[in-house]
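Next come the chains, spelled out residue by residue.
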Amino acid sequence: MIKLKHIYKSYSLGDEQVDVLHNINLHVKPKEFISILGPSGSGKSTLMNIIGCLDIPDSGDYILDGEYVDSCTENELSEIRGKKIGFIFQQFNLLPELTAYENVEMPLLYHKLSPSERRERVERTLTQVGLIDRMKHKPTQLSGGQQQRVAIARVLAAEPSIILADEPTGNLDSSSGAEIMEIVKDLHKAGNTIVLITHDKNVADQAQRKVYVHDGILTESEART
Ligand SMILES: Nc1ncnc2c1ncn2[C@@H]1O[C@H](COP(=O)(O)OP(=O)(O)OP(=O)(O)O)[C@@H](O)[C@H]1O
Ligand SMILES: [Mg+2]
């Protein structure tokens, strides 16, 4: 379902070119749960942006569900993201003026759903993350772990098939982090494809398969430490 072939990506800063990804080859099967491990600055988020259709590679092929994504326009990329991909970040990115319920509901306002279908999805996903009793709370009235669970409910409400998580436990203490990982594992059991980026080995170990990024090079085994 996710196939990256010979992906290269660099950024130019002034007249300097920063090579970030070198010849990345990666195949993620449908319903697979993989983690991508690597030190800071190794290119993990750059890779996730490409997998998540937020950015396109300089060269190489990215084939997502049989479609060559590397030649898509901005509009086509945004449509693919909306239909297929859910993002979970280290920062929860909740809107501070809105309640938990309203934060989850917000992206659904752009979907063609009746008010009752919308309410059903918001309530179902808040229940799924164990926060239905906090739906009237605003982000500042929730703990960090609870805020991340609201952010996950917001992702789930859009019913993506692929979930990309970039350091989802990075801002959390170990017990809140463990709760988030339980939810991620449940999503995998429910049939989602999961790509989890982390530099925490204990978090990465919970995936079915680990790959490593070092200096923009991806390997299936831990080549260096
Ligand atoms: N927009 C950009 N312009 C220039 N350089 C960039 C840009 N984005 C990232 N980089 C550089 O690319 C390299 C990889 O960055 P990336 O964010 O992918 O690393 P990472 O593995 O996610 O690190 P971390 O674990 O700290 O999040 C870094 O050296 C970074 O400075
Ligand atoms: Mg990063």
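Above this text you will find the structure in question.
Now for a look at the structure at hand. (Residues numbered from 1 in each chain as written. Chains lettered and ligands numbered in written order. Predicted model: local features only at pLDDT ≥ 70, side-chain atom pairs only at ≥ 80, totals over all residues.)

Observations concerning the overall build of the chain
Logical step 1: In terms of helices and strands, the chain carries seven helices and 10 strands.
Logical step 2: Its C-alpha atoms give the chain principal-axis dimensions of about 50 × 40 × 40 Å.
Logical step 3: When burial is assessed residue by residue, the chain has 40% of its 225 residues classed as buried.
Logical step 4: A separation threshold of at least 6 residues defines the contact pool for the chain, and within that pool the share at least 24 residues apart is 68%. (Helix = DSSP H or I, 4+ residues; strand = E, 2+ residues; numbered from the N terminus. Buried ≥ 20, exposed ≤ 12 C-beta atoms within 10 Å, placed from the backbone. Contact = placed C-beta atoms within 7 Å.)

Remarks on the pairing of strand S7 (residues 162-166)
Logical step 1: Of all five residues in S7, five are buried; the element is thus mostly enclosed.
Logical step 2: Here S7 shows a buried face lined by Ile162, Leu164 and Asp166 and a second buried face lined by Ile163 and Ala165.
Logical step 3: Where strand S6 (residues 85-88) and S7 come together, four bridges link them in parallel fashion. The residue of S7 that forms the bridge with Phe87 is Leu164.
Logical step 4: Looking at chain direction, S7 and strand S8 (residues 193-198) are connected through five bridges and run parallel. Bridge pairing links Leu164 to Val195 in S8. (Pairing = 2+ DSSP bridges.)

All quantities given are derived from atomic positions and should not be read as evidence of function.
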